[in-house]
Amino acid sequence: MATSVARGPSLPEPAVAPIAGVANLDGDLLIEQSREIAHTHLVGRDRLASLVLAVGFVAAAGSLAAFAGSDRALEGWTLALFVAAYAVASRIDFEIGTGSAPPTQLVLVPMLALLPVPLVPLCVLAGLLLGGLPDYARGRVPVDRSLLRFVNSWHALGPALVLVAAGQPQPTPRHLPIYGLALLAQFAFDFASTALRDRLGLGVSPLSLLRFMVWIWAVDSALTPVAAVAALGARGHTWLLISSLPLIGLLAYFARERQVRIDHALELSSAYRGTALLLGDVVEADDAYTGLHSRDVVSLVLDVCDSLGVNGAERRDAEFAALLHDVGKIKIPAEIINKPGKLTDDEFALIKTHTVEGERLLSQVGGILGNVGRIVRSCHEDWDGTGYPDGLEGTAIPRVARIVRCCDAYSAMTTDRSYRKALASSEAIAELRRCSGTDFDPDVVDALVVAIGEHNRP
């Protein structure tokens, strides 16, 4: 089951520019955004999309329970046991992308095998609502986000419809094809409801969700045979359902371990961001122009990344590289940086060392910023191989460095310097076009021109 009801510590918003829209994030970055969203109230399109899907589920599940009959016996204590077990299983979070993969399949399959099938979707909803009560009671999740529990119940409606249409057969070897079809229906309803809500409410592309949903479906598929065996054993003795408890406990332990690892990864990422901002402040304190220029380049670089489809970790590196591409200039004497006249050959040679100095400084930090340092080294390489310090050419230059190179040049041309006045935007664009294919990657130039046009649009 895919669920968007993420629960976890909130992390601070970035101080420079957002890493990306939710649709552009990968892995831990997407989990970070999900955790932040989980602590907010449902508003605007998110509330409307969730409400529509919630009402739709209640109508569909209520109609199925009211109008589809069943010859299976219904015992109140069995129903209560299943709802409680589902609530417990729903609280075990394997965070993936915008949601999580709780091991609720260990309860859902026995539900479909032993309970009157038309009641199963409503039992799943009751289990999810019960499982969310501790978070609502502690104030960790706003109560209005309980709407998402209704949305997340859609996955149970697909297999219930298939089994009702097939006459609610028992999960015997003879009926395995039917239960296989029911599993596929579960995945289809799960993806459709999650993708629709996330697309309409959060702006997440269905295609970007698909790779995370595959992992969730893999978990459900792996647990289905175990759950089916438990269901067969419990046909005569319902209490045998407790045989799944040790496995649920083990999965709870693994889920907790994974959550701790993700927490540490996000804390480390936040520390890297803080270090990058600190270095950016150091650059700005040393040379106000360089600092403000770098922040302007960040905005341009992120716009170009969006246009070229640069996302995830590469987009994060682009943000850091844009902020820190001139960090090596703190090793260059201020009188050279701010010299009003033309630089001598020796002074220009010294200026050119700032990319290597930037790499050296960032490599001392290591980790993510160490990788960014390698990009910073290449931020003055030219498309035709005439740049510095390594004379790289074409696609041998890291893509992020090519983006920063072009945005850096545009920002420099349109900013007043000690030795010249700023060019008009149209003049700077003409210069970018003239140097496209020599200094700059032509694709980057095209994307930057589009981004500039959107910024200048009234």
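What counts and what doesn't
- Residues numbered from 1 in each chain as written.
- Predicted model: local features only at pLDDT ≥ 70, side-chain atom pairs only at ≥ 80, totals over all residues.
- Heavy atoms only, no water.
- Helix = DSSP H or I, 4+ residues; strand = E, 2+ residues; numbered from the N terminus.
- Buried < 20%, exposed > 50% of the residue type's maximum accessible area, 1.4 Å probe, protein only.
- Contact = heavy atoms within 4.5 Å.
- Areas by Shrake-Rupley, 256 points an atom, 1.4 Å probe, with all protein chains shown as cover.
- Phe/Tyr/Trp six-rings, centres within 6.5 Å; stacked < 30°, edge-to-face > 60°.
- Axes fitted to C-alpha atoms, helices over the stretch in contact; angles between N-to-C directions.
- Parallel < 35°, antiparallel > 145°, perpendicular 65-115°, else oblique.
- Nonpolar A, V, L, I, M, F, W, Y, C, P; charged D, E, K, R; others polar.
- Polar contact = N/O pair within 3.5 Å; in protein donor to acceptor, adjacent residues only side chain to side chain.
- Core = buried A, V, L, I, M, F, W, Y, C linked by side-chain atoms within 4.5 Å.
- Patch = residues over 30% accessible without salt bridge, like charges linked within 9 Å, V, L, I, M, F, W, Y side chains within 5 Å.
- Salt bridge = Lys/Arg side-chain N within 4 Å of Asp/Glu carboxyl O.
- Left-handed = near helix turned anticlockwise from the far one by under 90°.

A. Looking closely at the overall build of the chain. Helices and strands together make up the secondary structure of the chain, namely 19 helices and two strands. Within the chain, the proportion of its 458 residues that are buried is 51%. Here the analysis covers contacts within the chain between residues at least 6 apart in sequence; of these, 73% occur between residues at least 24 apart. Here the chain has roughly 19800 Å² of accessible surface; of this, 62% comes from carbon and sulfur atoms.

B. Broad picture of the packing of aromatic side chains. According to the stated counting rule, one finds four aromatic pairs in the structure shown. The interplanar angle of 20° and the centroid separation of 5.5 Å between the aromatic rings of phenylalanine 187 and tryptophan 217 together place this pair among those described as stacked. Of the two residues, phenylalanine 187 is situated in helix 8 (residues 176-202) and tryptophan 217 in helix 9 (residues 206-233); the sequence distance between them amounts to 30 residues. Note on tryptophan 217: relative accessible area 16%, which makes it buried. A ring pair is formed by phenylalanine 191 and tryptophan 217, whose centres lie 6.0 Å apart and whose planes are at 70°; its orientation type is edge-to-face. Pair noted here: phenylalanine 191 is in helix 8 and tryptophan 217 is in helix 9, with a separation of 26 residues, a long-range link. Ring-pair connections join several aromatic residues into one group, and the members of that group are Phe57, Trp154 and Phe189.

C. Broad picture of the packing of helix 2 (residues 44-67) against helix 5 (residues 120-138). Put simply, helix 2 and helix 5 touch, their axes get as near as 8 Å, and they point 130° apart. By the angle between their directions, the pair helix 2 and helix 5 is classed as oblique. Counted together, Phe57, Ala61, Gly62, Leu64 and Ala65 of helix 2 and Pro121, Leu122 and Leu125 of helix 5 form the full contact between these two elements. Of the residues belonging to the contact of helix 2 with helix 5, the class tally is seven nonpolar, one polar and no charged.

D. Looking closely at the side chain of histidine 155. Looking at the secondary structure, you find histidine 155 in helix 7 (residues 154-165). There is a polar contact of 2.8 Å between the side chain of histidine 155 and the side chain of tyrosine 86.

E. Representation of the nonpolar core in the model. Core analysis: the biggest nonpolar cluster contains 44 residues, and Val301 and Leu448 have the highest contact counts within it. Breaking this core down by element, the ones donating at least two residues are helix 11 (288-308), helix 12 (312-324), helix 15 (354-365), helix 16 (367-377), helix 17 (399-413), helix 18 (425-434) and helix 19 (442-456). Ranked by residue count, the leading element in this core is helix 17, at nine residues. With sequence-adjacent residues up to four places away left out, leucine 448 is seen in contact with Leu300, Val304, Cys406, Cys407, Tyr410 and Leu432. Counting residues in each nonpolar core, the second largest holds 38 residues, with Ala89, Leu112, Val117 and Val124 among its members.

F. Looking closely at a nonpolar patch on the surface. There is a patch of nonpolar side chains on the surface, built from Leu207, Leu210 and Val214 and spanning about 290 Å² of accessible area. By secondary structure assignment, the location of leucine 210 is in helix 9.

G. Region of interest: the packing of helix 17 against helix 18. Two elements in contact, helix 17 and helix 18, have axes whose closest approach is 9 Å; the angle formed by their N-to-C orientations is 145°. At the point where helix 17 passes helix 18, the crossing takes the right-handed sense. From helix 17, Cys406, Tyr410 and Met413 reach across to helix 18, where they touch Ser425, Ala428, Ile429, Glu431 and Leu432. By residue class, the composition of the contact of helix 17 with helix 18 is six nonpolar, one polar and one charged.

H. View of unusual backbone geometry. The residue after tyrosine 388, namely proline 389, is reached through a cis peptide bond having omega 10°. Mapping proline 389 onto the fold places it in the loop between helix 16 and helix 17. Backbone geometry places glutamine 168, a non-glycine residue, at a positive phi of 55°. Along the polypeptide, glutamine 168 turns up in the loop between helix 7 and helix 8.

I. Here's a closer look at the side chain of serine 146. Considering the arrangement of structural elements, one finds serine 146 in the loop between helix 5 and helix 6 (147-151). Residue serine 146 is classed as buried on the basis of its relative accessible area of 18%. Beyond its immediate chain neighbours, meaning those up to four positions away, serine 146 contacts Leu129 and Tyr136.

J. Just the pattern of salt bridges, in detail. Inspection of every chain in the model, using the stated rule, returns 16 salt bridges. One salt bridge in this structure joins arginine 47 and aspartate 144, with 3.6 Å as the shortest N-O distance. Taken as a pair, arginine 47 in helix 2 and aspartate 144 in the loop between helix 5 and helix 6 lie far apart in primary sequence, 97 residues in all. Between aspartate 382 and arginine 405 there is a salt bridge whose closest N-O contact spans 2.8 Å. You can see aspartate 382 sitting in the loop between helix 16 and helix 17 and its partner arginine 405 sitting in helix 17, a full 23 residues away along the chain. By the burial criterion, aspartate 382 is buried, and arginine 405 matches it. Salt bridges sharing partners connect three or more residues here, namely Asp46, Arg197 and Asp198.

K. Here's a closer look at the environment of glycine 370. Structurally, the position occupied by glycine 370 is in helix 16. When its relative accessible area of 9% is taken as the criterion, glycine 370 is described as buried. In contact with glycine 370, other than residues within four places in its own chain, are Leu362 and Ser363.

L. Broad picture of the environment of aspartate 93. In this fold, aspartate 93 is placed in the loop between helix 3 (76-90) and strand 1 (95-96). On the basis of relative accessibility, which here comes to 11%, the residue aspartate 93 falls in the buried class.

M. Quick peek at helix 4 (residues 105-114). The buried fraction of helix 4 amounts to ten of the ten residues, a majority that puts the element mostly inside the structure. Among the residues of helix 4, those classed as buried are Gln105, Leu106, Val107, Leu108, Val109, Pro110, Met111, Leu112, Ala113 and Leu114.

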